[in-house]
Amino acid sequence: MSVQPGESRRHRVVVIGSGFGGLFGTQALRRADVEVTLIGRTTHHLFQPLLYQVATGILSVGDIAPATRMVLRKQKNAQVLLGEVETIDLEKKTVTSRFLERQTVTEFDSLIVAAGAGPSYFGNDHFAEFAPGMKTIDDALELRGRILGAFEQAELSDDHDERSRLLTFVVVGAGPTGVELAGQIAELSRRTLKDAFRHIDSTEARVVLLDGASEVLPVYGGKLSRKTRKTLERLGVEIQLNAMVTGVDAEGLTVKEKDGTERRLESQCKVWSAGVAASPLGKQLAEQSGAGIDRAGRVEVLPDLSLPGYPNVFVIGDMMSLDKLPGLAQVAMQGGKYAARQIISSIEGQDPAQRPPFKYFDKGSMATISRFSAVAKVGKLEISGFLGWIAWLFIHLLYLVGFSSKLSTLLSWTQAFFSSGRNEMAATEQQVFARIAIERLRAHTDGELTPGADGSGADGSAANGAGANTAPAADRKTAG
Ligand SMILES: Cc1cc2nc3c(=O)[nH]c(=O)nc-3n(C[C@H](O)[C@H](O)[C@H](O)COP(=O)(O)OP(=O)(O)OC[C@H]3O[C@@H](n4cnc5c(N)ncnc54)[C@H](O)[C@@H]3O)c2cc1C
């Protein structure tokens, strides 16, 4: 199929990605005399900063992931296409995307690329099977299933070592996501699940936050890092710093200390929040335009966020590298709005050489540690504790997309923070098994099935991966 919005004579803008950059860029074009085609590989926009609350049973999927076409339904100059962009041809000005077997070629006059980033395992991609990252709704639901499944399995086990492995949760990476996740797993075990089991004491679960750096939240450093550490320890989180993960398998991790010694950490449920790598589309763009690419795969853009030689192509958000700007929602949102303004100015006749450079307005960053406690840094101002938490609450509500999302989130928070209850404590078998099953299906389709990938391997390690967290051994076959 070939989509040609240019059948009318309006300027055609294609936006790749329905995250912060893509959505805000599209919305900023709502009054422009253009036709916008937003291509996203998911049907929804995603408020990633609250993913950890979906993973730990506080929020539902709908609270943080409104359907993109519903958000844009009143924007008459925008259409939404579902599909994974596979290729961008800068010379032909086309974007080729695929949804299932259907390929779509979309022509553009201007292009905004906002395909974001995924987890990085620093060359150890095989860790992903047992320690998935948390970037998508699927990741969060899988993690919820793995956390709750580990408690369920521990309740059934009579073996001391097995119980202890099942009740050890390891979060790799002590940045904002790792801190928030570790804090919430601790609260889940100490408050929400307290007294819910008869054979185990959920409050004795071990939550380990591990990082190769020498402090938690290294981006903040100093006082805020120390306060975060103290609050986490009060919650019962065990912090292990200067510790590099050198191996991950179904039953635990191998950790290398600063002095070079290696040790083993037995844990069934592990989650990776240690690094990010930009969308592989960045490499394509760099190769075609001659732009540089940094170690995280981000494209080195010009000061107007465009590619060298292609003033009509903008790369924004987590995919761009400019002035050491961090991977934050605000950078992406402001980048999307800026790119939209430059497109409008170009249509009005402005020479791209006259564009003002992109200027990021730093509104600060923050992380929650537990209920009623957060840390925030706005310029030189540092806030922590309850005040930080109020600021966190207000900002997150403000930026959630849609009034009903704000309302239902506020209700869920009221329940989670003022009682021990959480509304979203269900987990299904499919949530836990789907990723591995899909990966195997893809391997079959690609003809790359390796021995053991169907769960019949000699050591059964594949079948013992993420899925093993909830299913008793006899049931595992069904997931393969
Ligand atoms: C768990 C977590 C917590 C975070 N917490 C915070 C926080 O507290 N504060 C903060 O400021 N930032 C936070 N961030 C970072 C913030 O979410 C990102 O910086 C921001 O989302 C970047 O926006 P983006 O538009 O560049 O990418 P994204 O928002 O990631 O959007 C990328 C979009 O592109 C789509 N896509 C990707 N590849 C393709 C393809 N090939 N074809 C079609 N579509 C594609 C994706 O599906 C997605 O819709 C967090 C991130 C995570 C993962």
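Rules of the game
Residues numbered from 1 in each chain as written. Predicted model: local features only at pLDDT ≥ 70, side-chain atom pairs only at ≥ 80, totals over all residues. Heavy atoms only, no water. Helix = DSSP H or I, 4+ residues; strand = E, 2+ residues; numbered from the N terminus. Expected span 1.5 Å × (residues − 1). Contact = heavy atoms within 4.5 Å. Core = buried A, V, L, I, M, F, W, Y, C linked by side-chain atoms within 4.5 Å. Buried < 20%, exposed > 50% of the residue type's maximum accessible area, 1.4 Å probe, protein only. Domains from an automatic or database assignment. pLDDT = per-residue confidence, 0-100. UniProt positions renumbered as here; feature names shortened; annotations may be inferred. Near = heavy atom within 4 Å. Polar contact = N/O pair within 3.5 Å; in protein donor to acceptor, adjacent residues only side chain to side chain. Areas by Shrake-Rupley, 256 points an atom, 1.4 Å probe, with all protein chains shown as cover. Pairing = 2+ DSSP bridges. Axes fitted to C-alpha atoms, helices over the stretch in contact; angles between N-to-C directions.

Visitor: Just to check I follow, could you spell out helix α11 (residues 385–399) for this structure?
Guide: Helical geometry: 3.6 residues make up each α-helical turn, so side chains three or four residues apart lie on a common side. The end-to-end C-alpha distance of α11, which contains 15 residues, comes to 21 Å, matching closely the 21 Å that a straight helix rising 1.5 Å per residue would cover. Buried residues belonging to α11 abut α2 (51–55), α7 (176–192), β22 (365–370), β23 (373–378), β24 (381–384) and α12 (403–418).

Visitor: For this particular structure, what's the right way to read the nonpolar core?
Guide: If you look at soluble globular proteins, the nonpolar side chains tend to sit buried side by side. Within the largest apolar cluster, 116 residues are counted, with the highest numbers of intra-cluster contacts made by Ile-64, Ile-88, Leu-209 and Trp-392. Per element, the largest residue contribution to this core is nine residues, and it comes from helix α5 (residues 137–156). Summarising the domain contributions, this core has at least three residues from each of domain 1 (2–41 + 83–119 + 277–354) and domain 2 (125–274 + 364–395). Not counting chain neighbours up to four residues away, the residues in contact with Ile-64 comprise His-45, Leu-46, Phe-47, Leu-50, Leu-51, Val-54, Leu-59, Ile-137 and Leu-400. Residues Tyr-121, Val-248, Leu-265 and Trp-272 belong to the second largest nonpolar core, which totals 16 residues.

Visitor: How do you make sense of the confidence of the model for the protein chain when you look at a structure like this?
Guide: Any residue range with low pLDDT should be treated as having predicted coordinates unsuitable for detailed reading. Averaged over the protein chain, the pLDDT score is 89; the fraction of residues at 70 or greater is 91%. For residues 449–480, every residue scores under 50 in pLDDT, and the model assigns this stretch 53 contacts once sequence neighbours within four places are set aside.

Visitor: Just checking my understanding: could you explain the UniProt feature "transmembrane region" (unreviewed entry) in the protein chain for this structure?
Guide: Per the UniProt record, "transmembrane region" (unreviewed entry) is annotated on residues 386–403. Counting secondary structure, residues 386–403 comes out at 83% helix and 0% strand; the distance between its end C-alpha atoms is 25 Å.

Visitor: I would appreciate a short explanation of the site of the ligand in the present structure.
Guide: Surveying the vicinity of the ligand reveals 27 residues, the closest of which are Gly-21, Gln-48, Val-85, Asp-318 and Ala-329. In the environment of the ligand, an oxygen atom lies 2.9 Å from a nitrogen or oxygen atom belonging to the side chain of Gln-48. Within the side chain of Asp-318, a nitrogen or oxygen atom sits 2.8 Å from an oxygen atom of the ligand. A total of 990 Å² of accessible area belongs to the ligand in isolation, and the protein chains cover 89% of it. Looking at the shell around the ligand, the elements with two or more residues in it are α1 (20–28), β3 (34–40), β5 (84–89) and α10 (329–347). Residue assignment places the shell around the ligand across two domains, with domain 1 (2–41 + 83–119 + 277–354) and domain 2 (125–274 + 364–395) each supplying three or more.

Visitor: Just to check I follow, could you spell out the sheet that holds β24 for this structure?
Guide: On the basis of which strands lie adjacent, the open sheet formed by three strands has the order β22-β23-β24 and antiparallel pairing. A strand with exactly one partner marks an edge of an open sheet, and here the two such strands are β22 and β24. Adjacent strand axes in the sheet meet at a mean angle of 10°, parallel and antiparallel pairs treated alike. Note: β23 against β24, four bridges, orientation antiparallel. Among the inter-strand pairings, Val-375 is bridged to a residue of β24, identified as Ser-384. Contacting β22, β23 and β24, α11 crosses the sheet at an angle of about 115° to β22.

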